[in-house]
Amino acid sequence: MTITLEWLGVATFRLRIDDLVVFLDAYMDRVPKAPPVGLSAKDVDRADFVLVGHSHFDHLSGAEQIARSTGARVIGSHETCRVLLKGGVAKEQLLRSQGGERHRLAPGVTVRVLPGLHACTWCAGSIPLGEERSGYVGLTEDERAATVGGLVEQIARAIAMGDDDALALRNHIATSVGSGETGGPLAYLIETPAGAIFYQDTSGCWSGVLRDLRADVAILAASGRPNIDGEPYEGSIAQFVAQEAAWLQSRTVVLCHHDNWMPPVTRGVDDLSPLRDELARVAPGAELRELGYLERVDVLS
């Protein structure tokens, strides 16, 4: 069995399991100033499934194009499926899920849908990988809404500027397919005869869910203030990702959502040494695989 993975920016990947082609998220057509990934959604001519982690545009946009042009079935939340149905995707292609489902992708290959959590964007935007953060724990939703300096606020400031970059960013967000709601983030465990792959497109998790899973390969988001069990994580992104890898007992860790996907709001991660150090400390059996755009690697040899 041949299993390969290609990173297409942010949290989007193309996973091939023999003849099966699965997209993990679908956002490849980015803002003009973001580095191009080398593939556009309109150029995708083969896909069997698209697994969408949550409904924000930087994860969902592109799924409508891929589904319409290839006939791929889309697994996602009720909000994701609502948006795609409105975008012209046939109802029969949409597999509404909320966590707890198991879908067959191919003979011998299934995916378990798991409940997830979104990163705490209300209290942080881009954070250096090794920088520890604390505070904002125990707040109610109205207190969170009153918190200043979050990612949404940073995006609003960027698109309010009067220059050409702000106009391009504003137009991009306005024309991208997505929702202002997460739809309830989902994570996925893809199980094959060669091993299991865990995929999560935002920095949040329920610890009780991950502790009971085992994944040979863990694809983990590394951006924003991580969310653990509904509260901001006390520590660094590197510590959070390493803890997830330790719970999953993964042999291979692949990062996502750590590139400069929306300048000038975001900053890419260049130095992965804080994460390598944390993996060596809490998950010494895990190897960090750093992928470039469209670099096709064997992940379960």
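Residues numbered from 1 in each chain as written. Predicted model: local features only at pLDDT ≥ 70, side-chain atom pairs only at ≥ 80, totals over all residues. Heavy atoms only, no water.

Caption draft 1: Looking closely at empty space enclosed by the protein. Applying the stated criterion to the full structure yields three cavities of 30 Å³ or more. What the largest cavity holds in volume is close to 60 Å³. Around the largest cavity, the lining residues are Val31, Pro32, Lys33, Asp165, Ala168, Leu169, Pro263 and Pro264. Its residues assigned to classes, the lining of the largest cavity shows six nonpolar, no polar and two charged. When residues of the lining of the second largest cavity are traced back to their parent elements, those giving at least two are strand 15 (252-256) and strand 16 (287-289). In the lining of the second largest cavity, the residues fall into five nonpolar, one polar and two charged. (1 Å grid on protein atoms, 1.4 Å probe; cavity = no way out; pocket = protein on both sides within 12 Å on 5 of 7 lines; lining within 4 Å. Points joined across faces, edges and corners; volume = space filled by probe spheres on them. Nonpolar A, V, L, I, M, F, W, Y, C, P; charged D, E, K, R; others polar. Helix = DSSP H or I, 4+ residues; strand = E, 2+ residues; numbered from the N terminus.)

Caption draft 2: Layout of helix 2 (residues 63-70). For helix 2, every residue scored as buried is listed here: Ala63, Glu64, Ile66 and Ala67. Taken end-on, helix 2 shows its buried residues confined to a sector of 165°, consistent with a single buried face. Those residues of helix 2 hidden inside the fold are in contact with strand 3 (20-24), strand 4 (49-51), helix 1 (57-60), strand 5 (73-76) and helix 3 (78-86). The positive-phi residue at the C-terminal boundary of helix 2 is Gly71, with phi of around 80°. (Buried < 20%, exposed > 50% of the residue type's maximum accessible area, 1.4 Å probe, protein only. Arc of directions from axis to C-beta. Contact = heavy atoms within 4.5 Å.)

Caption draft 3: Region of the structure containing the sheet that holds strand 13 (residues 227-228). Read from one edge to the other, the open sheet built from three strands follows the order 11-13-14, with strand pairing classed as mixed. Strand pairing shows two members of the sheet lacking a second neighbour, strand 11 (204-205) and strand 14 (231-232), which therefore form its edges. Alignment of strand 11 against strand 13, held across two bridges, turns out to be parallel. Following the sheet pairing, Gly204 is matched in strand 13 by Asn227. (Pairing = 2+ DSSP bridges.)

Caption draft 4: Quick peek at the packing of aromatic side chains. Applying the stated criterion across every chain, the model contains six aromatic pairs. Joined through ring pairs, the aromatic side chains of Tyr27, Phe57 and Trp261 make up one cluster. (Phe/Tyr/Trp six-rings, centres within 6.5 Å; stacked < 30°, edge-to-face > 60°.)

Caption draft 5: Focus on the pattern of salt bridges. Counted by the stated rule, this structure contains 16 salt bridges. Asp43 is the salt-bridge partner of Lys42, the closest N and O atoms lying 3.4 Å from each other. The class for Asp43 is partly exposed, based on a relative accessible area of 42%. Taking the shortest distance from any N to any O, the salt bridge between Glu290 and Arg276 comes out at 3.7 Å. Here Glu290, found in the loop between strand 16 and strand 17 (296-298), pairs with Arg276, found in helix 9 (residues 273-282); they are 14 residues apart in sequence, far enough to count as distant. One salt-bridge network, in which partners are shared between bridges, spans Glu6, Arg14 and Arg16. (Salt bridge = Lys/Arg side-chain N within 4 Å of Asp/Glu carboxyl O.)

Caption draft 6: Spotlight on the sheet that holds strand 9 (residues 186-192). With mixed pairing, the seven strands of this open sheet are ordered in space as 7-8-9-10-12-15-16. Two strands lie at the open edges of the sheet, namely strand 7 (102-106) and strand 16, each paired on one side alone. Taken over all neighbouring pairs, the strand axes of this sheet differ in orientation by 25° on average, direction set aside. As paired strands, strand 10 (residues 195-200) and strand 12 (residues 217-221) are joined by three bridges and run parallel to one another. Note on strand 12: the bridge partner recorded for Tyr199 is Ile219. Docked against the sheet, helix 8 (residues 237-248) engages strand 10, strand 12 and strand 15, running at close to 155° with respect to strand 12. (Axes fitted to C-alpha atoms, helices over the stretch in contact; angles between N-to-C directions.)

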